[in-house]
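The primary structure of each chain is shown beneath.
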Amino acid sequence: MDLKVNYKKDLEIPKWLLNKVDDDHLLARVILNRGIDTIKKLDEFLNPEEHLGIKPSYFPRLEEGVEIILDAIAKDRSILVYGDYDVDGVSSTAILIKTLRTLGANVSYHLPDRFTEGYGMNRGVIKKLAKKGIDLIITCDCGISNYEEVELANDLGLDVIITDHHGLPDKLPPARLILSPKLLEEDDSAYHLPGAGMAYFLAKGLLNKESKEDKSEVLLEFLALAIVADVVPLYGENRYLLQKGLKALKSAKSVGIQELCKVSGIDPFNLSEIDIGFRLGPRINAAGRLFNASLALKLLLSEDRSEAKKLAQRLDSINSKRKELTQQMEDEARSLLSKEDELTSIILYKKEWNQGIIGIGAGRLCENFKLPTVFLANKRGEEGVIVGSARSIPQIHIREALKECDDLLLGFGGHAGAAGLSLKRDNLEEFKARLNGVLAREMKKVGKVRKIEVDAKLPLSKLNLDLYHKLELLAPFGEGNPRPSFYSQGLELINYRKVGDGKHLKLTLGKGEKKISALWWSGDEETLKDKMDLTYSLDINEWRGRVNLQMIIEEVIGTSIEGVRKEKEIEINFEDYRNWRELGEELPPLNNPLYYYEGTKDISFTPIINRYQDDKAKDLVLLSTPPTLGVFKDILKNIQPQRVLLAYSKIQLKSDKDFLRELMQIIKGIIEQEKGITKIEELASLTGEEEGNIILALRYLQEEGLIELEFIERRSIFIKKGREGKSKEVRYKSKLRKALEESRAFKRYLLKKDLDEIQALVKIH
């Protein structure tokens, strides 16, 4: 599929906006692209204190709901909160249970079992609730599509109040009251609230009515979890509430959230939306995916430190298992794909897949292949029934596609990007064939050109740290407020090398006199050419107080080998000062040099750089040996020195044992001082080792039971002390030994060979 970049070429920027951003046209363009087109919207977007926020009474019939619930409390009627098993459902339930307990209600809760009940209200459960004497059911994050179940509840004498945020069906259920942001106009600032948002405003209405407004702050902590984890658009009321919620989480009152932060390696004071999305959210979700979501709810509601600690550790352990199973599922799914056929969709069935994680697997393949994807598995405990989870690309509405197959389904629900479904095993092949046909038709409409939206086309010369820091003012980023992305053409490939486990690429790009480093996750080495057109976002790299801007490549749009500027060979004069300290020598006078050093020792020279920085200098001093030829060339091409002093020492050669001992000391410090959060690049710089060797070493230490390892996003990792014994599988020991010996061999070469041989080896063009 070809790629086409879209951006607003003739965007008219109002003068008031330019005045607000000090005449920065690019920043103004990014702001306008997010629909912020008035002074009021801008002030509210940048500063939550400027946003007045809406009141509970803003929602249709919410005050009536407050009266019904308070009347039930006054009459000691039995109330049950009926939630859901994902983060939004658990957070919604926590909000209402916490509030109703504060008001002295006779309240209990029910979270459905994903495997035996499925999503939403269940007829069997409702019958049991009626027998138990429940008088009032309050749903949260579910109920709007449960017409028959609500009708049954009515027949059994139960009142039902629905609070939900999912799309409204053609026929609303016959509940006593329905509270939903979807009853507002579609352009309303509160229209896209998550289920926890609706529960929050109902809770606030109850607390306000009883003059207990001060009890609502902890509810913001739960709400922030849901806003991020449910991937709702981060503008309007959601952005405002998330900003307030993130502030509340920095000094969390919830003992459960405090303990969850600890096992996740999060410093609450620096907690961000990324921490929720990649660390807290997955642990809460894991309970409902593999066991029962009640574990997560008990954690959020816990007021006992010891209990909360045990529950947090339990969720952490479940999440580790979830990751293991997900990777196994993804590997199996890839093996099922036909390598010959040109795919227009991915629809895969494997009877033994865990239905709790098929949505994650479908999401990963959808993202990687840029195709609508459906994973199907047998429903646990129900013979002859299959459940499925669907994920889609922006151009295709997956719920509408499923609607064309509804006569073959037992049920389905969801929205444009994601949906769930169930069907009889007998209908599987017909369903797959029909849905594949529907999706093929829709993909044909999309065409063979995939459009990529960016904020602006930029020359490389416009990229700098000042721009990065200005753009960060627009955080938190997420759905509806994506991290700003840009498009640059004709960037020259100066150098590249593989990093991490060999699946990713680090590039040095340039145009004219401007150079910049770039990371391309899962980059395709085969597509690299002398000149490239790219879309990307901006990030920074820090080392010993030095900060450098870098690109995070999103797409390579076009490549060319025509008209490339021919690089002159860089003339480098190598000078031999190897082992100079041991020989009692001094370094010569230098002209504003840069000192390359990677290790843990305090070095008196300044400025110190590592392999990831791209400052220019005429004089470069290598105080430590680069770990590979690729890193050595990378350094020289980035710095472009005229004079290089080889000033490293033989004492830097380490045995496997010494390397691992040093790495464990570094890890211990990171666990104690940084809550266990680090990056592969940081560990590589602190040890002077190649990134792939660092990953092998971490895998080996995990295999030995010395650490537990979790990859967060693509760059960060979370390390903590090992809890279990050695793994039965021994996969990494011999690989690590071989890799470290190769690294030592290269370092020995740099220590022993003549300058002419080293110069020939790293000849730079």
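Residues numbered from 1 in each chain as written. Predicted model: local features only at pLDDT ≥ 70, side-chain atom pairs only at ≥ 80, totals over all residues. Heavy atoms only, no water.

Novice: Would you mind going over the overall build of the protein in detail, with residue names and values included?
Specialist: What the protein contains, in helices and strands, is 24 helices and 26 strands. Rg of the C-alpha trace for the protein: 29 Å, near the compact-globule value of 27 Å for 765 residues, within the 12% margin. In the protein, buried positions account for 55% of the 765 residues. In the protein, the share of contacts with a sequence separation of at least 24, taken over all contacts with a separation of at least 6, comes to 68%. For the protein, the exposed area adds up to about 34800 Å²; of that, 47% sits on carbon and sulfur atoms. (Helix = DSSP H or I, 4+ residues; strand = E, 2+ residues; numbered from the N terminus. Rg over C-alpha atoms; globule rule 2.2 N^0.38 Å. Buried < 20%, exposed > 50% of the residue type's maximum accessible area, 1.4 Å probe, protein only. Contact = heavy atoms within 4.5 Å. Areas by Shrake-Rupley, 256 points an atom, 1.4 Å probe, with all protein chains shown as cover.)

Novice: Tell me about the pairing of strand E7 (residues 346-349), and please be specific about residues and values.
Specialist: Strand direction decides the pairing type here: E7 and strand E8 (residues 373-378), joined by 4 bridges, are parallel. Residue pairing for E8: Leu348 is matched across the bridge by Phe375. Read as a crossover between parallel neighbours, the route from E7 over helix H15 (residues 358-369) to E8 is right-handed. (Pairing = 2+ DSSP bridges. Right-handed = clockwise from strand over helix to strand, strands pointing away.)

Novice: I'd like a rundown of the state of the cysteines, residues and numbers included.
Specialist: Within this structure, the stated rule accounts for 0 disulfides. The structure places no disulfide on Cys366, whose sulfur is separated from the nearest cysteine sulfur, that of Cys405, by 17 Å. (Disulfide = S-S within 2.5 Å.)

Novice: Would you mind going over the pattern of salt bridges in detail, with residue names and values included?
Specialist: If you walk through the whole model with that rule in mind, you get 53 salt bridges. For Glu330, the salt bridge identified is with Arg364, shortest N-O distance 2.9 Å. A residue pair is termed long-range when its members are at least 10 positions apart, and Glu330 in helix H14 (residues 305-336) and Arg364 in helix H15 qualify at 34 residues. Lys747 serves as the salt-bridge partner of Glu689, at 3.7 Å between the closest nitrogen and oxygen. In this pair, Glu689 is assigned in the loop between helix H21 (680-687) and helix H22 (691-703) and Lys747 in helix H23 (residues 733-752), connecting sequence segments 58 residues apart. (Salt bridge = Lys/Arg side-chain N within 4 Å of Asp/Glu carboxyl O.)

Novice: Just give me the short version of the pairing of strand E3 (residues 106-110), but keep the residues and values in it.
Specialist: Bridge count between strand E2 (residues 78-82) and E3: 5 bridges; the pairing is parallel. Bridge pairing in E3 links Leu80 to Ser108. Following the backbone out of E2, through helix H5 (residues 87-102) and into the adjacent parallel E3, one traces a crossover that is right-handed.

Novice: Requested: an account of helix H9 (residues 217-229), with residues and values cited.
Specialist: Here H9 spans 19 Å end to end across 13 residues, near enough to the 18 Å set by a 1.5 Å rise per residue. The buried fraction of H9 amounts to 11 of the 13 residues, a majority that puts the element mostly inside the structure. Of the positions making up H9, those classed as buried are Val218, Leu219, Leu220, Glu221, Phe222, Leu223, Ala224, Leu225, Ala226, Ile227 and Val228. In the core, the buried residues of H9 are packed alongside H5, helix H8 (195-209), helix H10 (237-249), helix H11 (255-263), helix H12 (273-290) and helix H13 (294-301). Just downstream of H9, Val231 is the residue with a positive phi angle, here 55 degrees. (Expected span 1.5 Å × (residues − 1).)

Novice: Summarise the environment of Pro174; cite the residues concerned and give the values.
Specialist: Along the polypeptide, Pro174 turns up in the loop between strand E5 (159-163) and strand E6 (177-179). In sequence terms Pro174 and Glu585 are 411 residues apart; their C-alpha atoms lie 89 Å from each other. When residues no more than four places from it in sequence are discounted, the contact partners of Pro174 are Tyr147, Val150, Glu151 and Asn154.

Novice: Residues and numbers for the packing of aromatic side chains, please.
Specialist: Enumeration according to the criterion identifies 8 aromatic pairs in this entry. For the ring pair Tyr200 and Phe201, a centre distance of 5.4 Å and an interplane angle of 75 degrees mean the geometry is edge-to-face. Grouped by ring-pair contacts, the aromatic residues Tyr58, Phe59, Tyr200 and Phe201 constitute a single cluster. Cation over ring: Arg314 sits above Phe291, and NZ or CZ is 4.9 Å from the ring centre. Over the aromatic face of Phe115 sits the side chain of Arg380, whose NZ or CZ is 3.7 Å from the ring centroid. (Phe/Tyr/Trp six-rings, centres within 6.5 Å; stacked < 30°, edge-to-face > 60°. Lys NZ or Arg CZ within 6 Å of the ring centre and 35° of its normal.)

Novice: Can you lay out H10 for me, pointing to particular residues and giving the numbers?
Specialist: With 13 residues, H10 extends 18 Å between its outermost C-alpha atoms, agreeing within 8% with the 18 Å of an ideal straight helix rising 1.5 Å per residue. In terms of residue burial, H10 counts as a mostly covered element, since 11 of its 13 residues are buried. Inspection of H10 places Glu237, Asn238, Arg239, Tyr240, Leu241, Leu242, Gln243, Gly245, Leu246, Ala248 and Leu249 among the buried residues, and these make up the whole buried set. Taken together, the buried residues of H10 touch helix H3 (39-46), H8, H9, H11 and H12.

Novice: Tell me about the sheet that holds strand E24 (residues 677-679), residues and numbers included.
Specialist: The 3 strands lie next to each other as E24-E26-E25, forming an open sheet whose pairing is antiparallel. For this open sheet the edge positions go to E24 and strand E25 (707-712), each flanked by a neighbour on one side alone. The average angle at which neighbouring strand axes cross in this sheet is 35 degrees, direction not considered. Where E24 and strand E26 (residues 716-721) come together, 3 bridges link them in antiparallel fashion. Among the inter-strand pairings, Ile677 is bridged to a residue of E26, identified as Phe718. Strand contacts of H21: E24, E25 and E26, with the helix running at about 75 degrees to E24, the strand carrying the most contacts. (Axes fitted to C-alpha atoms, helices over the stretch in contact; angles between N-to-C directions.)

Novice: With reference to specific residues and values, describe the side chain of Glu555.
Specialist: Within the secondary structure layout, Glu555 lies in strand E18 (residues 546-560). At a separation of 3.0 Å, a polar atom in the side chain of Glu555 contacts the side chain of Arg450. In contact with Glu555, not counting residues within four places along its chain, are Leu3, Lys370, Arg450, Ile452, Asp533, Leu534 and Thr535. (Polar contact = N/O pair within 3.5 Å; in protein donor to acceptor, adjacent residues only side chain to side chain.)

Novice: Hey, could you go over the sheet that holds strand E20 (residues 594-596) for me, with residue numbers and the actual values?
Specialist: If you trace the 5 strands from one edge of the open sheet to the other, you get E19-E23-E22-E20-E21, paired in parallel fashion. Only two strands of the sheet have a single neighbouring strand rather than two, namely strand E19 (573-576) and strand E21 (608-609).

Novice: Describe in detail the environment of Phe486, supporting the description with residues and values.
Specialist: Considering the arrangement of structural elements, one finds Phe486 in strand E14 (residues 486-499). The exposure class assigned to Phe486 is buried, which follows from its relative accessible area of 0%. Considered as a pair, Phe486 and Gly53 are 433 residues apart in the sequence and their alpha carbons are 32 Å apart. Setting aside its immediate chain neighbours within four residues, Phe486 contacts Leu26, Val30, Val454, Asp455, Ala456, Leu458, Leu471, Leu534, Thr535, Tyr536 and Leu538.

Novice: Let's hear about a nonpolar patch on the surface: which residues, and what values?
Specialist: Together, Leu168, Leu172 and Leu183 make up a nonpolar patch on the protein surface, roughly 210 Å² of accessible area in all. Checked against the element boundaries, Leu183 lands in the loop between E6 and H8. Here Leu183 falls in the partly exposed class, since its relative accessible area comes to 36%. (Patch = residues over 30% accessible without salt bridge, like charges linked within 9 Å, V, L, I, M, F, W, Y side chains within 5 Å.)

Novice: Which residues make up the packing of H11 against H14, and what values go with them?
Specialist: At their nearest, the axes of H11 and H14 sit 8 Å apart, and the two run at 45 degrees to each other. Judged by the angle between their axes, H11 and H14 are oblique. Between H11 and H14 lies a crossing of right-handed hand. Each of Val255, Gly256, Gln258, Glu259, Leu260, Lys262 and Val263 in H11 lies in contact with H14, whose residues at this interface are Arg305, Ala308, Lys309, Ala312, Gln313, Leu315 and Asp316. (Parallel < 35°, antiparallel > 145°, perpendicular 65-115°, else oblique. Left-handed = near helix turned anticlockwise from the far one by under 90°.)

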